[in-house]
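The chain contents come next:
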Amino acid sequence: MADPIETEAPDDSGSVTVRRFEYQVHISVQAVLEMLAGGTVIHVTCEHIEDVTVARTGDSQCVDGVFWDFQQIKTRDAVEPWTLTDVFRSGPLKSLWRTHETVTGTGLTYQLTAGLEGHLDPADEAVQALSNKLFRLV
């Protein structure tokens, strides 16, 4: 009897699709593990409003003590670091703005997070300029 795992699949497009969501799964699992370990995470939702939504408890300044983190997760096949232009083209800010417009005025205390698989290119002039402006604000 042949092992199906060793048989070439007639259509392997599902593997490519799963790969696109692998980093999103890693982010979600980190929050779930924190929840299971008794941390501040009380709720993790995937693919509703944003790619990942994490609810944390214990903040007295939040409505019902819950703080919401709406996360837009971006991945890509390239192994090079992200330029700021790459980030803008991939669209997380547009999605996060849509989320802001959806939840603003609801009384929720929340943050919007753009998560990138990989890192920003420190040699990118736009990344350097943004970094310099942010450090001056601190």
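Refer to the structure above for everything that follows.
Residues numbered from 1 in each chain as written. Predicted model: local features only at pLDDT ≥ 70, side-chain atom pairs only at ≥ 80, totals over all residues. Heavy atoms only, no water.

(A) Structural detail: the sheet that holds strand 2 (residues 50-57). Pairing is mixed in the open sheet, where 4 strands are placed in the order 1-2-3-4. The open sheet has two edge strands with one neighbour each: strand 1 (41-48) and strand 4 (109-116). Averaged over neighbouring strand pairs, the angle between their axes works out to 20 degrees when direction is ignored. Lying over the sheet, helix 1 (residues 13-36) contacts strand 1, strand 2, strand 3 (66-74) and strand 4, oriented at roughly 160 degrees with respect to strand 1. Together, strand 2, strand 3 and strand 4 form the strand contacts of helix 3 (residues 92-103), whose direction differs from that of strand 4 by roughly 165 degrees. (Pairing = 2+ DSSP bridges. Helix = DSSP H or I, 4+ residues; strand = E, 2+ residues; numbered from the N terminus. Axes fitted to C-alpha atoms, helices over the stretch in contact; angles between N-to-C directions. Contact = heavy atoms within 4.5 Å.)

(B) Seen up close, helix 1. In this model helix 1 runs 33 Å from its N-terminal to its C-terminal C-alpha over 24 residues, within 8% of the 34 Å that 1.5 Å per residue would give. At Phe-21, helix 1 shows its strongest bend, of approximately 40 degrees. Residues of helix 1 that are buried include every one of Gln-24, Ile-27, Ser-28 and Ala-31, and no others. Tucked inside the fold, the buried residues of helix 1 contact strand 1, strand 2 and strand 3. Looking one or two residues past helix 1, Gly-38 carries a phi angle of roughly 85 degrees, positive in sign. (Expected span 1.5 Å × (residues − 1). Bend = angle between axes of the 7 residues up to and from the residue. Buried < 20%, exposed > 50% of the residue type's maximum accessible area, 1.4 Å probe, protein only.)

(C) Broad picture of the nonpolar core. Ile-27, Ala-31, Val-41, Val-52, Val-54 and Ile-73 together form the largest nonpolar core, which totals 6 residues. Of all the secondary-structure elements, those providing two or more residues to this core are helix 1 and strand 2. If sequence neighbours within four positions are ignored, Ile-27 has contacts with Gln-71 and Ile-73. (Core = buried A, V, L, I, M, F, W, Y, C linked by side-chain atoms within 4.5 Å.)

(D) Summary view of a nonpolar patch on the surface. The grouping of Phe-21, Val-25, Val-29, Leu-33 and Leu-36 at the surface amounts to a nonpolar patch, some 490 Å² of accessible area in total. Tracing the sequence through the fold places Leu-33 in helix 1. (Patch = residues over 30% accessible without salt bridge, like charges linked within 9 Å, V, L, I, M, F, W, Y side chains within 5 Å. Areas by Shrake-Rupley, 256 points an atom, 1.4 Å probe, with all protein chains shown as cover. Salt bridge = Lys/Arg side-chain N within 4 Å of Asp/Glu carboxyl O.)

(E) Structural view of the pairing of strand 3. When you tally the buried positions in strand 3, you get 7 out of 9 residues, the bulk of the element. The pairing of strand 2 with strand 3 spans 6 bridges and is antiparallel. Across the sheet, Thr-53 pairs through a bridge with Phe-70, a residue of strand 3. Here strand 3 pairs with strand 4 via 8 bridges, running parallel. Looking across to strand 4, one finds that Ile-73 is bridged to Gly-115.

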